[in-house]
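One-letter residues, chain by chain:
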Amino acid sequence: MAVHTIARLHEHRRWVNQGLLDAAEALSETQLHQSFSIGQGSIWRSLVHLYAAEYVWLEALQGNESPVLPGDLAEALPGNQQGEGGIRSLEELKQKWNAQEQRWIEYLDQLSAERLDDLVCKLSTSSGKGRIHQTRREDILLHVCTHAQYTTAQVVNMLRQLDVVTLPATMLITLARTQMASQTDLDQPT
């Protein structure tokens, strides 16, 4: 049951991420980089942070105790992109995120209930900065989803402040209803 629920939450996370990227595509460069006093300070930086956080946690789950997103400076908040080789465009971010989502799908497909209590070690760049923490695999998998929802709310708030009329859908119930409607349409005789 727990593995199924975790997989469902990650399916929702992927769906929401795609909606955020779609909304970002409709923005001008000025809007994408406009400064806000919430989140990471702009839609762009918040999206890169979200991608980076998902990157470092997947790396940690796969055994890398000190993961750093290429382009980030180590021991700083993920997504800082202050190093060489950082992500420079929304198109590049989308390509990298799509590839990363495939890695998440493969990881979750092989996840077993027996591994949920395993301890995962990761160097912290936030609470307890500079310390290696041991955390249950299940808690990390849930954290990735709750962190995504937290950051999503910040991005949606920024979109509202930009007067975006059609905001991305973010609720799990909306995903469920969309999937149910699609399935019902497939079940109808033609």
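Described below are features of the structure shown in this document. (Residues numbered from 1 in each chain as written. Predicted model: local features only at pLDDT ≥ 70, side-chain atom pairs only at ≥ 80, totals over all residues. Heavy atoms only, no water.)

### Considerations on the packing of aromatic side chains
Going through the model one piece at a time under the given rule, you end up with two aromatic pairs. With 5.7 Å between their ring centres and 65° between their planes, Tyr51 and Trp97 make a pair best called edge-to-face. With Tyr51 in helix α3 (residues 43-61) and Trp97 in helix α4 (residues 90-109), the pair connects residues that are 46 residues apart, well separated along the chain. By the burial criterion, Tyr51 is buried, and Trp97 matches it. Between Trp104 and Tyr107, the ring centres sit 6.3 Å apart and the planes meet at 85°, which makes this aromatic pair edge-to-face. Here Tyr107 and Trp104 lie together in helix α4, a separation of three residues that amounts to about one turn. Looking at Arg13, its charged tip hangs above the ring of Trp104, at a distance of 5.0 Å from the centre. One residue, Lys122, lies across the ring of Trp57, its end atom 4.7 Å from the ring centre. (Phe/Tyr/Trp six-rings, centres within 6.5 Å; stacked < 30°, edge-to-face > 60°. Helix = DSSP H or I, 4+ residues; strand = E, 2+ residues; numbered from the N terminus. Buried < 20%, exposed > 50% of the residue type's maximum accessible area, 1.4 Å probe, protein only. Lys NZ or Arg CZ within 6 Å of the ring centre and 35° of its normal.)

### Re α3
Taking 1.5 Å of rise per residue, 19 residues should cover 27 Å, and α3 covers 27 Å from first to last C-alpha, within 8% of that figure. Of all the 19 residues making up α3, 18 are buried; the element is thus mostly covered by neighbouring parts of the structure. Immediately beyond the C-terminal end of α3, within one or two residues, lies Gly63, with a positive phi of roughly 105°. (Expected span 1.5 Å × (residues − 1).)

### Comments concerning helix α1 (residues 2-25)
Helix length check: α1, at 24 residues, gives a terminal C-alpha distance of 35 Å against a target of 34 Å (1.5 Å per residue), a fit within 8%. Where α1 is concerned, the buried positions are Ile6, His10, His12, Arg13, Val16, Asn17, Gly19, Leu20, Leu21, Ala23 and Ala24.

### Thoughts on the environment of Leu90
Along the polypeptide, Leu90 turns up in helix α4. In this view, Leu90 contacts Leu21, Ala24, Glu25, Leu32 and Trp44; residues no more than four positions away in its chain are not counted. (Contact = heavy atoms within 4.5 Å.)

### Points about the pattern of salt bridges
Inspection of the entire model under this criterion finds ten salt bridges. Residue Glu54 pairs with Arg13 through a salt bridge whose shortest N-O separation is 2.9 Å. In this pair, Glu54 is assigned in helix α3 and Arg13 in helix α1, connecting sequence segments 41 residues apart. Comparing Glu54 with Arg13 shows no difference in burial state: the two are buried. Here Glu59 makes a salt bridge to Arg103, at a shortest N to O gap of 2.7 Å. Of this pair, Glu59 sits in helix α3 while Arg103 sits in helix α4, and the two are 44 residues apart along the sequence. Given the relative accessible area of 26%, Arg103 is considered partly exposed. (Salt bridge = Lys/Arg side-chain N within 4 Å of Asp/Glu carboxyl O.)

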